Amino acid sequence: MLAGVLGVLKVIGIVLLVILAVLLVLILLVLFVPVRYKADLYIPETEFDKGFDVGKINFSARFTWLLHIVSGGIDFPEDKQFFVKVFGIKVFPKKDKKKEEKADNNSETMESDKTDESTDDGVIEMSDMQELESSNDDTDVTGDGTDNDAAVSAEDADNTQQEETESQDNDEPEPADSDTGTDSQPDENSNEYSDEFSDEDEGKDRALIEIIQDIFDKIENILKTPQNVLEKIQYTISRVCGKIKMIKTTLESDIFKRAYKLVKGKLVRLLKMILPDKYKAEILLGLGDPATTAELMGAYGVLYPITLDRVVLEPDFERKVVKVRAHVKGHITLFVVLYCVLVCYFNKDVKKVIRRFKKIFNT
């Protein structure tokens, strides 16, 4: 019994060790096997006066990893879409065959529906035409009858209106002569008018007082605004000066100097690793003006010790023309990138400098 249990545990342990070994090997491969890249650019000889056609540019970029097991790239203008292959099989982008089939079926059904509609609309039977004519005749007959009935009803309505107006004229009462109340009405009207005039005078006085108060308030605000603006300007200037002093003290500190030296060294190492190992370019360039072309050649002469024979620039002092043929090749190792980033991130001096700058800008 114990032997069987130990045998099972042994098998489980061996399987776990194998899985761990495979994972370790994969991690080491991802970290230490570089991703190699290359790019080619070709621009045929074109004159700017005749127009520059972007479609004539040929550009291709490729990357490979682990003996071309994983590869990918982009081609312009043939295939403008980025692709990735694993063991030569395209993984990205995936082709949707079902969508393509559905699109084809939908297009076929749309075409068939259009043809059916055109045949149905183009054919009109004679029976339908006869039905339309008969319906038009019926409407004409019924229309004449309705016109006569409408005329009779209108005459009856006019007669009834005349009778009603006559009866109302006969039933109207005669106006009664009453002299009472004539004397009291002018007195009441005069009191009402006097009250209205007094209310209007009070309203005008209040309006004048409010207008004067508004004018004084505006004058006070105008006099106070320059003082407020000057106080705000002084406050902002003092804050800016304080921040400048704090930044100056941090830049002059030993902590910042150590952090700057560390970050600078790691960035230089990263750039050296990312920049291409091999590159070559042949350029024919003319700017249309001999003076500007000569200035460009002077700048190229300054950079010649760096470029050596890898960049060849041929000037054209007469035409406005360009022609480029370039090839670039390099590699990127993930371990170097992670190492540089982690060293800078976990360094105490770098953390202190970052905290210091956060405090300066947040206050």
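Criteria and thresholds
Residues numbered from 1 in each chain as written. Predicted model: local features only at pLDDT ≥ 70, side-chain atom pairs only at ≥ 80, totals over all residues. Heavy atoms only, no water. Helix = DSSP H or I, 4+ residues; strand = E, 2+ residues; numbered from the N terminus. Buried < 20%, exposed > 50% of the residue type's maximum accessible area, 1.4 Å probe, protein only. Contact = heavy atoms within 4.5 Å. Areas by Shrake-Rupley, 256 points an atom, 1.4 Å probe, with all protein chains shown as cover. Expected span 1.5 Å × (residues − 1). Arc of directions from axis to C-beta. Salt bridge = Lys/Arg side-chain N within 4 Å of Asp/Glu carboxyl O. Pairing = 2+ DSSP bridges. Axes fitted to C-alpha atoms, helices over the stretch in contact; angles between N-to-C directions. Patch = residues over 30% accessible without salt bridge, like charges linked within 9 Å, V, L, I, M, F, W, Y side chains within 5 Å. Lys, Arg positive; Asp, Glu negative; His and termini not counted. Charge placed at Lys NZ, Arg CZ, Asp CG, Glu CD. Core = buried A, V, L, I, M, F, W, Y, C linked by side-chain atoms within 4.5 Å. Left-handed = near helix turned anticlockwise from the far one by under 90°. Nonpolar A, V, L, I, M, F, W, Y, C, P; charged D, E, K, R; others polar. Phe/Tyr/Trp six-rings, centres within 6.5 Å; stacked < 30°, edge-to-face > 60°.

**Q** I'm lost on the overall build of the protein in this one. Help?
**A** Secondary structure summary: the protein contains eight helices and eight strands in total. A buried classification covers 12% of the 363 residues belonging to the protein. Partitioning the intrachain contacts of the protein with sequence separation of at least 6 by distance along the chain shows that 66% fall at a separation of at least 24. Of the roughly 29,700 Å² that the protein leaves accessible, carbon and sulfur atoms contribute 61%.

**Q** What's the story with helix α5 (residues 254-274) in this structure? I'm lost.
**A** Each α-helix turn comprises 3.6 residues. Residues three or four places apart therefore point the same way. For α5, built from 21 residues, the straight-helix expectation of 30 Å at 1.5 Å per residue is met to within 8% by its first-to-last C-alpha distance of 30 Å. Listed in full, the buried residues belonging to α5 are A259, K266, L270 and M273. Taken end-on, α5 shows its buried residues confined to a sector of 65°, consistent with a single buried face. Facing away from the buried side of α5 by more than 90 degrees, the exposed set consists of D254, K261, L271 and K272. Looking at the buried residues of α5, the elements they touch are β8 (320-332), α7 (334-345) and α8 (348-362).

**Q** It is not clear to me how the pattern of salt bridges should be interpreted in this structure. Could you clarify?
**A** Oppositely charged side chains can form a pair if their charged atoms are brought close together. The final tally for this structure, using the stated rule, is five salt bridges. When the shortest N-O distance is used, the salt bridge between D75 and R62 registers 2.9 Å. In this pair, D75 sits in strand β3 (residues 70-76) while R62 sits in strand β2 (residues 58-65), placing the two residues 13 residues apart along the sequence. A relative accessible area of 18% places D75 in the buried class. Overlapping salt bridges, with partners in common, bring together E45, E47, D316 and R319 in one network.

**Q** Would you explain the sheet that holds strand β7 (residues 311-315) in this entry?
**A** Through backbone hydrogen bonds, the strands of a sheet pair up, either in parallel or in antiparallel fashion. Strands sit in the order β5-β4-β3-β2-β1-β8-β6-β7 across an open sheet of eight strands; the sheet is mixed. Looking at strand neighbours, the two that pair on one side only are β5 (89-92) and β7, the edges of this open sheet. For this sheet, the mean inter-axis angle between neighbouring strands, taken without regard to orientation, is 15°. Here strand β4 (residues 83-86) runs beside β5; their pairing, made up of three bridges, is antiparallel. Note that in β5 the partner of V84 across the bridge is F92. Contacts from helix α6 (residues 290-307) reach β6 (278-287) and β7 within the one sheet, and its direction differs from that of β7 by about 165°.

**Q** What should I look at first to understand a negative patch on the surface in this one?
**A** A contiguous patch of negative charge on the surface is contributed by E210, D214, D217 and E220. Within the fold, E220 resides in helix α4 (residues 184-252).

**Q** I tried to follow the side chain of T64 on my own but got confused; where do I start?
**A** Of note, T64 is situated in strand β2. With residues up to four places along the chain from it excluded, the contact list for T64 reads P34, V35, R36, V70 and S71.

**Q** Whenever I open this one, the nonpolar core confuses me. Can you help?
**A** In summary, soluble globular proteins display a tendency toward joint burial of nonpolar side chains. Of all hydrophobic cores here, the largest spans 10 residues; its members are I43, I57, A281, L285, Y300, V311, L313, V322, V324 and A326. Of all elements in the fold, only β6, β7 and β8 reach the threshold of two or more residues within this core. Residue contributions to this core peak at three residues, all from β8. Excluding its chain neighbours within four sequence positions, the residues that come into contact with L313 are I283, L285, L296, M297 and Y300.

**Q** Whenever I open this one, a positive patch on the surface confuses me. Can you help?
**A** Where like charges cluster on the molecular surface, the positive patch consists of K348, K351, K352, R355, R356, K358 and K359. Note that K358 resides in helix α8.

**Q** Where do I start with the packing of α5 against α8 in this structure?
**A** Think of two packed helices as two axes; the pair is described by the angle between the axes and how far apart they sit. Remark: α5 packs on α8, axes separated minimally by 8 Å, with the N-to-C direction vectors making an angle of 115°. In the packing of α5 onto α8, the handedness of the crossing is left-handed. Between α5 and α8, the contacting residues are I255, F256, R258, A259, L262 and V263 on the first element and D349, V350, K352, V353 and F357 on the second. Its residues assigned to classes, the contact of α5 with α8 shows eight nonpolar, no polar and three charged.

**Q** What am I meant to see in the packing of aromatic side chains here?
**A** Centre distance and the angle of the planes are the two values used to describe a pair of aromatic rings. A complete count under the given rule lists nine aromatic pairs for this structure. Where F48 meets F52, the ring centres are 6.3 Å apart and the plane angle is 25°; that geometry is what we call stacked. Where Y300 meets Y304, the ring centres are 6.2 Å apart and the plane angle is 75°; that geometry is what we call edge-to-face. Pair noted here: Y300 and Y304 are both in helix α6, with a separation of four residues, about one helical turn. Judged by its relative accessible area of 18%, Y300 is buried. For Y304, a relative accessible area of 36% puts it in the partly exposed group. Three or more aromatic residues link up through ring pairs in this structure, and these residues are F256, Y260, F357 and F361.

**Q** Where do I start with unusual backbone geometry in this structure?
**A** Peptide bonds are trans in most cases, and residues, glycine excluded, mostly fall at negative phi. The peptide bond linking F76 to P77 adopts the cis configuration, its omega dihedral lying at 5°. Relative to the assigned elements, P77 resides in the loop between β3 and β4. Phi angles above zero are rare outside glycine, and F87 is one such case at about 55°. Mapped onto the fold, F87 is located in the loop between β4 and β5. The phi dihedral of L308 falls on the positive side, at around 55°, and the residue is not glycine. Locating L308 in the fold gives a position in the loop between α6 and β7.

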